[in-house]
Amino acid sequence: MRPRIDPVVIEDLGVRYEADVPLGPLTWYGVGGPADILAHPSSDREMGALASRCFEAGIPWYVLGSGANLLVAEEGVRGVVVKLNDDSFTRIQRFSQCVTVGAGADLAKLVIETGKMGLGGLEVLAGIPASVGGALRMNCGGKYGEIGPSVHSLSYMSDSGDIFTLKRDQVEFGYRSCSIKAGLFLSATFELSEDDPEVLRQRILDIFAYKKKTQPLASASAGCAFKNPPTEVSDKGAGQLIDEAGLKGLTVGGAQVSPVHANFITLASGGGANDVIRLIRLVKKRVQEHCGVMLAEEVVIWGNAPITPKIEEEKN
Ligand SMILES: Cc1cc2nc3c(=O)[nH]c(=O)nc-3n(C[C@H](O)[C@H](O)[C@H](O)COP(=O)(O)OP(=O)(O)OC[C@H]3O[C@@H](n4cnc5c(N)ncnc54)[C@H](O)[C@@H]3O)c2cc1C
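Presented here is a report on the structure given in the accompanying data block. Along each chain, residues carry numbers from 1 onward, in the same order as the chain's sequence is written. Two thresholds apply to this predicted model, a pLDDT of at least 70 for residue-level local features and 80 or more for giving and counting side-chain atom pairs, whereas whole-chain, interface and lining totals are computed over all residues. As a convention, hydrogens and water are excluded, and side-chain values are obtained from all of the structure's heavy atoms.

**Some remarks on the overall build of the protein**
Point 1. Within the protein one finds 6 helices and 20 strands.
Point 2. In summary, the protein has a C-alpha radius of gyration of 20 Å against a globular reference of 20 Å for 316 residues, a match within 12%.
Point 3. Considered along the principal axes of its C-alpha atoms, the protein spans approximately 55 × 55 × 35 Å.
Point 4. Counting over 316 residues, the protein shows a buried share of 50%.
Point 5. The long-range share in the protein, meaning contacts at least 24 apart out of those at least 6 apart in sequence, stands at 65%.
Point 6. Here the accessible surface of atoms and residues is derived via Shrake-Rupley with a 1.4 Å probe, and residues count as covered only by protein chains that are part of the display. On the protein, roughly 14300 Å² of surface is accessible, and the fraction owed to carbon and sulfur atoms is 51%.
Point 7. Here the protein contributes 32 positive and 38 negative side-chain charges, whose respective centroids are spaced 4 Å apart. Starting at the N terminus, helices and strands are each numbered in turn, a helix being any DSSP run of H or I of at least four residues and a strand any DSSP run of E of at least two. Note that the radius of gyration is over C-alpha atoms, with the globule rule given as 2.2 Å times the number of residues to the power 0.38. For every residue, the accessible area (1.4 Å probe, protein chains only) is compared with the maximum for its type, and the residue is labelled buried under 20%, exposed over 50%, or partly exposed between those bounds. Any two residues whose heavy atoms approach within 4.5 Å at even a single point are treated as in contact. Counted as positive: Lys and Arg. Counted as negative: Asp and Glu, with His and the chain ends omitted from the count. For the purpose of locating charges, the reference atoms are NZ of Lys, CZ of Arg, CG of Asp and CD of Glu.

**Some remarks on the packing of helix α2 (residues 107–116) against helix α4 (residues 197–214)**
Between two packed helices, what matters for the description is the angle formed by their axes and the separation of those axes.
Point 1. Closest axis-to-axis distance for the α2/α4 pair is 8 Å, and the angle between their directions is 150°. Overall, the two elements α2 and α4 adopt an arrangement that is roughly antiparallel. Along the contact surface, α2 presents V111, T114, G115 and K116, while α4 presents P197, L200 and I204.
Point 2. Classification used: nonpolar for Ala, Val, Leu, Ile, Met, Phe, Trp, Tyr, Cys and Pro, charged for Asp, Glu, Lys and Arg, polar for all others including Gly. Looking at the contact of α2 with α4 residue by residue, the class counts come to 4 nonpolar, 2 polar and 1 charged. Note on definitions: angles span 0 to 180 degrees between N-to-C directions of axes, and those axes are lines fitted to C-alpha atoms, for helices only across the stretch in contact. Working definition: roughly parallel below 35 degrees, roughly antiparallel above 145 degrees, roughly perpendicular at 65 to 115 degrees, and oblique for all remaining angles.

**A few points about the site of the ligand**
Point 1. To be near a molecule or strand, a residue needs just one of its heavy atoms within 4 Å of it. By nearness alone, 33 residues border the ligand, and V63, P129, S131, G141 and K211 come closest of all.
Point 2. Pairing of N or O atoms within 3.5 Å defines a polar contact, subject to two protein rules: one partner must be a possible hydrogen donor and the other a possible acceptor, and residues neighboring in sequence count only if both atoms are side-chain atoms. Between the ligand and S131 there is a distance of 2.7 Å, counted from an oxygen atom to a side-chain nitrogen or oxygen.
Point 3. When the free accessible area of the ligand is taken as 980 Å², the share hidden by the protein chains comes to 95%.
Point 4. For the shell around the ligand, the secondary structure elements donating two or more residues are β3 (61–64), α3 (132–138), β15 (184–191) and β20 (300–302).
Point 5. With 5 residues, α3 is the largest single contributor of residues to the shell around the ligand.
Point 6. For the shell around the ligand, the per-class residue count stands at 19 nonpolar, 11 polar and 3 charged.
Point 7. Domains are outlined according to an automatic or database domain assignment. Domain assignment of the residues forming the shell around the ligand places at least three in each of domain 1 (10–87) and domain 2 (90–214).

**Some remarks on the sheet that holds strand β2 (residues 34–40)**
Pairing between the strands of a sheet is mediated by backbone hydrogen bonds and can be parallel or antiparallel.
Point 1. The strand order across the open sheet built from 4 strands is β1-β2-β5-β3, with neighbouring strands paired in mixed fashion. Pairing within the sheet leaves two strands with one partner each, and these edge strands are β1 (16–22) and β3. Going from strand to strand, the sheet's axes swing by 30° on average, the running direction of each strand aside.
Point 2. Pairing of β1 with β2 involves 6 bridges; the strand directions are antiparallel. Two strands form a pair only when DSSP identifies at least two bridges running between them.

**Side note on unusual backbone geometry**
Point 1. For D20, which is not a glycine, the phi torsion comes out positive at approximately 55°.
Point 2. You can see D20 is positioned in strand β1.
Point 3. In this structure D20 comes out as partly exposed when scored by relative accessible area, which is 45%.
Point 4. Positioned with a positive phi, S96 is a non-glycine residue whose angle comes to about 55°.
Point 5. Looking at the element boundaries, S96 is found in the loop between β6 (92–95) and β7 (98–102).

**A closer look at the sheet that holds strand β19 (residues 265–267)**
Point 1. Sheet architecture is open: 3 strands sit in the order β17-β18-β19, paired in antiparallel fashion. With one partner strand each, in any of the chains shown, β17 (251–252) and β19 form the two edges of the open sheet.
Point 2. With 2 bridges joining them, β17 and strand β18 (residues 255–257) adopt antiparallel strand pairing. Residue pairing in the sheet places T251 in a bridge with Q256 of β18.
Point 3. Helix α6 (residues 273–291) contacts β17, β18 and β19 of the sheet and is inclined by roughly 30° relative to β18.

Have a look at this one:
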């Protein structure tokens, strides 16, 4: 494992930070070890100085959104974790049919605000917990639509701290993926369409009610644990494959394959990140044996946690 990063390497930058911070409370799973440094830049300039310092010093840095698609391993993260929670990264501004929003803004708030403005397009994301940056990085969505098609342009910072404006056609949004893998999004402009606020409000309520009925929203999880396999591999979704392998309700420690939605791995209080990781491995192994499909994680895992199942392990 890499040595801990001493905060002295960023101290002169004037960026607010905390050292040795447990990341669990900042994620929906609520578990996982500490980050060496958790930084809260207050402007693009501070973020640029931090990124460029880390880049030059060979220090890995990561960006944390709402932690809704994230599992932090028990040993934590060696490096700098950035949280864009300063006001300068959470503003929502309207320009005619476009809305420009900071990457640290809460997606649920954006969905409700644009609905009230009578601007349609983002209501399809109702009920998805995310920051705007995390939503873009994961191209979050579901049966009602994804975030990608509403993007007009993005402000992006490379991992060495340079800022670019990217037009919609310079970024590829795929199924739970985006072609920009390194660096971070600072803000996004969405191009929306005029619609009746009352109709949008009702759509948001309907989509939220559907999610509440079909997903274990009250339990600790990171949403869908696995991506649906490509159609050339299987015409079944990951949840259906897990269900057909008879794994609904399967537990490892405090982690459980949700009986409500087989693609959610929930974690009971007292459980740890290792329980989730062991259950992910076990599900992958069992689905491979039963259905001949190797599932890939949708959940992002930070830390050194091998998730490829070993055939001889996990006897239960
Ligand atoms: C109860 C529940 C229901 C869910 N339902 C859905 C659903 O219906 N559809 C769906 O798609 N997802 C769903 N999810 C998963 C999750 O909501 C999405 O993946 C969401 O996009 C994660 O955003 P986040 O801000 O929490 O990202 P995080 O979990 O904090 O991070 C995820 C990834 O995004 C990166 N990231 C974060 N911010 C930035 C940034 N500014 N720039 C670049 N990269 C960044 C992180 O580094 C990490 O790699 C659900 C999760 C939960 C807990």
